[in-house]
Number of protein chains: 2
Amino acid sequence: MNETSARRRTRSGGGAARRAERSAVSFETAKYIERNIPNFEVLSEEALEIIETNAETILEEIGVNFVNNPGALQLWRDAGADIRGERVHIPRGLARALCKTAPSSFTQHARNPDRNVEIGGKSLVLAPVYGPPFVHDVKGGRRYATMEDFRNFVKLGYMSKWLHHSGGTVCEPTDVAVNKRHLDMLHAHMTLSDKPFMGSVTEPSRAQDSVDMCGILFGNDFVQNNTVMTSLVNINSPMTFDDVMMGALEVYAKNNQACIVSPFIVGGAMAPVSVAGTLTQVLAEVLAGVAYSQLVRKGAPVIMGAFVTSIDMNSGAPTFGTPEASHITYGAGQLARRLNLPFRSSGSFCGSKLPDAQAAYETANSLNMGLLSGVNFMLHACGWLEGGLVASFEKFVMDADQLGALHKFAAGIAIDENAQAMDAIREVGPGGHYLGCAHTQANFKSAFWRSDLFDYKPFETWAEEGSRDTMALASARVTKLLSEYQPPAMDPAVNEALAVYVAEKKAGMPDALG
Amino acid sequence: MNETSARRRTRSGGGAARRAERSAVSFETAKYIERNIPNFEVLSEEALEIIETNAETILEEIGVNFVNNPGALQLWRDAGADIRGERVHIPRGLARALCKTAPSSFTQHARNPDRNVEIGGKSLVLAPVYGPPFVHDVKGGRRYATMEDFRNFVKLGYMSKWLHHSGGTVCEPTDVAVNKRHLDMLHAHMTLSDKPFMGSVTEPSRAQDSVDMCGILFGNDFVQNNTVMTSLVNINSPMTFDDVMMGALEVYAKNNQACIVSPFIVGGAMAPVSVAGTLTQVLAEVLAGVAYSQLVRKGAPVIMGAFVTSIDMNSGAPTFGTPEASHITYGAGQLARRLNLPFRSSGSFCGSKLPDAQAAYETANSLNMGLLSGVNFMLHACGWLEGGLVASFEKFVMDADQLGALHKFAAGIAIDENAQAMDAIREVGPGGHYLGCAHTQANFKSAFWRSDLFDYKPFETWAEEGSRDTMALASARVTKLLSEYQPPAMDPAVNEALAVYVAEKKAGMPDALG
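The written sequence of each chain sets the order in which its residues are numbered from 1. Lettering for chains starts from A, numbering for ligands starts from 1, and both go in the order in which the items are written. At least 70 in pLDDT is required for a residue's local features to be given in this predicted model, at least 80 for side-chain atom pairs to be given and counted, and no such filter applies to totals for whole chains, interfaces and linings, which use all residues. Only hydrogens and water are set aside when side-chain values are computed; all heavy atoms of the structure are taken into account.

- The name given to chain A in an unreviewed UniProt entry is Methyltransferase, and the organism recorded there is Thalassovita gelatinovora.
- Regarding chain A, the relevant UniProt record gives this comment under Sequence similarities (unreviewed entry): "Belongs to the trimethylamine methyltransferase family." UniProt positions are given in the numbering used here, feature names are shortened, and annotations may be inferred rather than shown by experiment.

### Side note on the packing of helix α13 (residues 357-372) of chain A against helix α14 (residues 393-410) of chain B
So, point 1. Every axis corresponds to a line fitted to the C-alpha atoms, with the helix fit spanning only the stretch in contact, and the corresponding angles, defined between N-to-C directions, vary from 0 to 180 degrees. Helix numbering and strand numbering both begin at the N terminus, where a helix is a DSSP run of H or I of at least 4 residues and a strand a DSSP run of E of at least 2. Remark: α13(A) packs on α14(B), axes separated minimally by 12 Å, with the N-to-C direction vectors making an angle of 30°. When the axes of α13(A) and α14(B) are compared, the crossing they make is right-handed. In contact with Ala357(A), Tyr361(A) and Asn365(A) of α13(A), α14(B) contributes Lys395(B), Met398(B), Asp399(B) and Gln402(B).
So, point 2. Each residue gets one of three labels, nonpolar for Ala, Val, Leu, Ile, Met, Phe, Trp, Tyr, Cys and Pro, charged for Asp, Glu, Lys and Arg, and polar for the others, Gly among them. Residues of the contact of α13(A) with α14(B), tallied by class, amount to 3 nonpolar, 2 polar and 2 charged. Handedness of a helix crossing follows the sense of rotation of the near helix relative to the far helix, less than a right angle counterclockwise being left-handed and clockwise being right-handed. Contact between two residues is taken to exist if any of their heavy atoms lie within 4.5 Å; hydrogens are not considered.

### With respect to the pattern of salt bridges
So, point 1. Counted as salt bridges are all cases of a side-chain nitrogen of Lys or Arg within 4 Å of a carboxyl oxygen of Asp or Glu. According to the stated counting rule, one finds 48 salt bridges over all chains in the structure shown.
So, point 2. The partner of Lys408(B) in a salt bridge is Glu324(A), with the nearest N and O atoms 2.6 Å apart. Of this pair, Lys408(B) sits in helix α14 while Glu324(A) is found in helix α12 (residues 323-339), placing the two residues in two different chains.
So, point 3. Partly exposed describes any residue whose relative accessible area lies between the buried limit of under 20% and the exposed limit of over 50%, with all areas from a 1.4 Å probe on protein chains only and scaled to the type maximum. For Lys408(B), a relative accessible area of 24% puts it in the partly exposed group.
So, point 4. A relative accessible area of 2% places Glu324(A) in the buried class.
So, point 5. For the salt bridge of Glu61(B) with Arg426(A), the shortest nitrogen-to-oxygen distance reads 2.9 Å. In this pair, Glu61(B) sits in helix α3 (residues 45-62) while Arg426(A) sits in helix α16 (residues 422-428), so the two residues belong to two different chains.
So, point 6. Arg426(A) gets classed as partly exposed once you look at its relative accessible area, which sits at 38%.
So, point 7. Several salt bridges converge on common partners, so that one network encompasses Glu45(A), Glu52(A), Arg96(A) and Arg338(A).

### Quick notes on the packing of helix α10 (residues 243-254) of chain B against helix α11 (residues 275-296) of chain B
Residue and element names in this part refer to chain B.
So, point 1. Two elements in contact, α10 and α11, have axes whose closest approach is 9 Å; the angle formed by their N-to-C orientations is 50°. Here α10 is positioned oblique relative to α11, judged by the angle of their axes. At the point where α10 passes α11, the crossing takes the right-handed sense. Seen from α10, the contacting residues are Met246, Leu249, Glu250, Ala253 and Lys254; seen from α11, they are Tyr292, Ser293 and Val296.
So, point 2. The residue makeup of the contact of α10 with α11, split by class, is 5 nonpolar, 1 polar and 2 charged. Orientation is classified from the angle alone, with under 35 degrees giving roughly parallel, over 145 giving roughly antiparallel, 65 to 115 giving roughly perpendicular, and any other angle giving oblique.

### Overview of the relation of the copies chain A and chain B
So, point 1. Of the two same-sequence chains, chain A is brought onto chain B (RMSD 0.0 Å, axial shift 0.0 Å) by a rotation of 180°. In symmetry terms, the pair is related by a two-fold rotation axis. Within chain A, Ala357(A) has its C-alpha nearest the rotation axis, a separation of 2.1 Å.
So, point 2. Counting the interface residues of chain A, we find that 100% of their copies in chain B are interface residues as well, pointing to one common contact surface. The copies were overlaid by least squares, fitting only the C-alpha atoms of residues that reach a pLDDT of 70 or more in each copy.

### Here's the deal with the pairing of strand β12 (residues 258-266) of chain B
Residue and element names in this part refer to chain B.
So, point 1. Where burial is concerned, most of β12 is hidden: 8 out of the 9 residues are buried.
So, point 2. Strand pairing is defined by DSSP finding a minimum of two bridges between the two strands. Where strand β10 (residues 230-235) meets β12, 6 bridges bridge the pair, whose relative direction is parallel. Residue pairing in the sheet places Ser231 in a bridge with Cys259 of β12.
So, point 3. Of the strand pairs in this sheet, β12 and strand β13 (residues 302-305) are connected by 3 bridges, and their pairing is parallel. Paired with Ile260 across the bridge in β13 is Ile303.
So, point 4. In this sheet, strand β14 (residues 307-311) lies alongside β12 in parallel orientation, the contact comprising 3 bridges. Across the sheet, the residue bridging to Phe264 is Phe307, located in β14.

This is the structure we're talking about:
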């Protein structure tokens, strides 16, 4: 029993809690991925140095804007930057030096300590889609997302073996007022799942609510001494840090909570229409953002993010799973490792309107590059549709199934005596058959990854069963999973305290729109 | 004008040929891929040495069978192998030494010299699906393939910008007798396309027909001095070389034509249920097969093949796009490079019955691994469905479109001054927009790869146009391409001579079944 579980058990206290724990069904979740494979490195040392030099030139010559944030400007001035209006010019080398106090790896705690994740190094943590205002399923089509949809996605995430993280805004619950929905979302993550989750970033006060609710869930002392949230702070590319996002970052950093500092770039619009230029801007922005987190609190956990995609110059639509996005992601992974920072990128990205072949090609391209580029935190790892406008129920379970393949690939190739299988080759010999041999019998159960969703049946069986495509199989799986959902064990007193907090907060403010 | 085109022009001779050339429409084909990216290497030096040592142990201790082939046994005996019955025991190091005379790279000539391909080194040549007895399209469903289907696939291949090669048995024309269909297939490749192609391997006499028909197309001297076919010779794994396949290899090697020496392995059935064991067996088989090609004719061009997939231990079905297949392909690429041989693997592999999301996930996994593993010749690069039982018209154009992304990714990342885009970043500055800047205007046309098939439109436009999924878009594209097809220019005399050869050959033999 480690410190966390001991502490929790003490807090849980009474008989009701113990009864709840005993009766609860627990769904299996794989441990976060620990890569036993190399990273794919596409940029040469020379190219990396050019990009790093140019990024420092951007910070010094051009500078970055910290908008509506006199406090931030003061921190930068004290650190030695040259402030002109809201523009911060950062002397060559300063931002990189400030980044050194950020940890290269950190633990994000879950309320179930078995679900804790390590973010950084060789680890890869998979979290679901974030942010779509719409949802889609085969039966109901495309529609505005509701809090019921949100809860259903959290349930699916909890039940997905290959998903390590419950995520954040898995969809925008548009039936709840903008200033209140973060409370319901956090409550859902905290009660319907026991996996780690993300906090709100849409207002500094909502970030504070997130910290306060974590205080109830984990205990205030625990929150101050451990990271229990990893939240998404986007930079307004190019080179603009707005007060809302920075305000959230400030709350989290002060409370020792992690932020992903992530440029949000559609190449050709928010960054140059070239890979090297985009990487340069991404690096400059991340250096400034991460450095700022360390000015707020030295040692605050932070992730270098890179959400970058290309644009279709015909229609202006963002495109996904493209070779340029892969180039940028591989390059950004190299830059992150040279900064010694955890790296966030990739996801189940696609532009398709349906979870069809386009969606799957684009997504598979993106998931593969994510694994091989050394991503440590993969947001949007399942469920993303239509350029992120839509969270798809079917695609959620389709992608979540594919994530199993990443686990197996990342484990690398065993080369011990059993794996060499020389006895099997001797036993079977030329012209023989391996199905019945001793080595096959001993190893077949764990030898090959197997999809839990795809159809592997003979054509005739498949036709008799209705010639279902992947969408239809996924739809059936969504229905089955949601019908079988059972919440994880939870201390009823904590659950009640969270409900009271949410109710009181909501009662204290009128509904806000947008 | 190079040697080939000069010679052809001479041969073409008369005015009819020149008129045919002038009036013909030519479809754009991209040059074969020349990688400007590293390969992904998953095995350590130590693991590679273990596998290589074990492969030599297989060859020496266990041996390989050359069945019904006294000539082959004699060649092996003369080379120093120990022959016991049909079993060939190859002393440690002998096979590897024999392989050294195989070229590390060779040119396969096409009748249009612009379509010549280089096989080996950093090149990647893409060829379509091979072998399915069934075809599938959305309108007609799944049915036995006919010669008309075959011709349509050759036309689609000719019109596919990203496909460099016309392939071989793109589907089995089951309406033509088994002993005659190779003639019609070759005739189709030679006349309906001007891309390079593959010869017949189902009987040594059919390989000889292939050589003879190439004599008509290219001139006999040219064929003896240049490689104009790359044909697929499968090993009956484990460790069995049958007389039919070896007979074809002998014909091709003697005539300076290339063969892919390729184990055909469903892991767990024809090889051990482990990655390292499978790689060991693959290497042993390839060493024996390639060495044999060099015994037949020193310097004969040959490719190390590895068709390897895993098995679903529940149903016994082969599975595709799996992490184990990726491990094996990456490892096999490393082994091929250490042998200094061109490498064939990967393809548009999938087990799905439809060109749906399952098909696309599996295919994208496979195409990505093919590119990064250093494959030089990718057979089955488009059109594969249902474990290779089916050639799909829709999937052919879907996959062929994705192959464009491989070209762009393989080109690597430019790092010159234009790509660094520092002037653009200076021009736009914090909070600006890149769409209108000078750098974007100058570069946007070639900046980003764009699918010619996928839907990038806004949701509303897409819905108004009928909410089509990728299958529907692909079906429309197949219809459009086939309606626009025009044959490449060809000397009518050569065309006629080929037709006469086919007719005379067919007249001389009764139909054979199976």
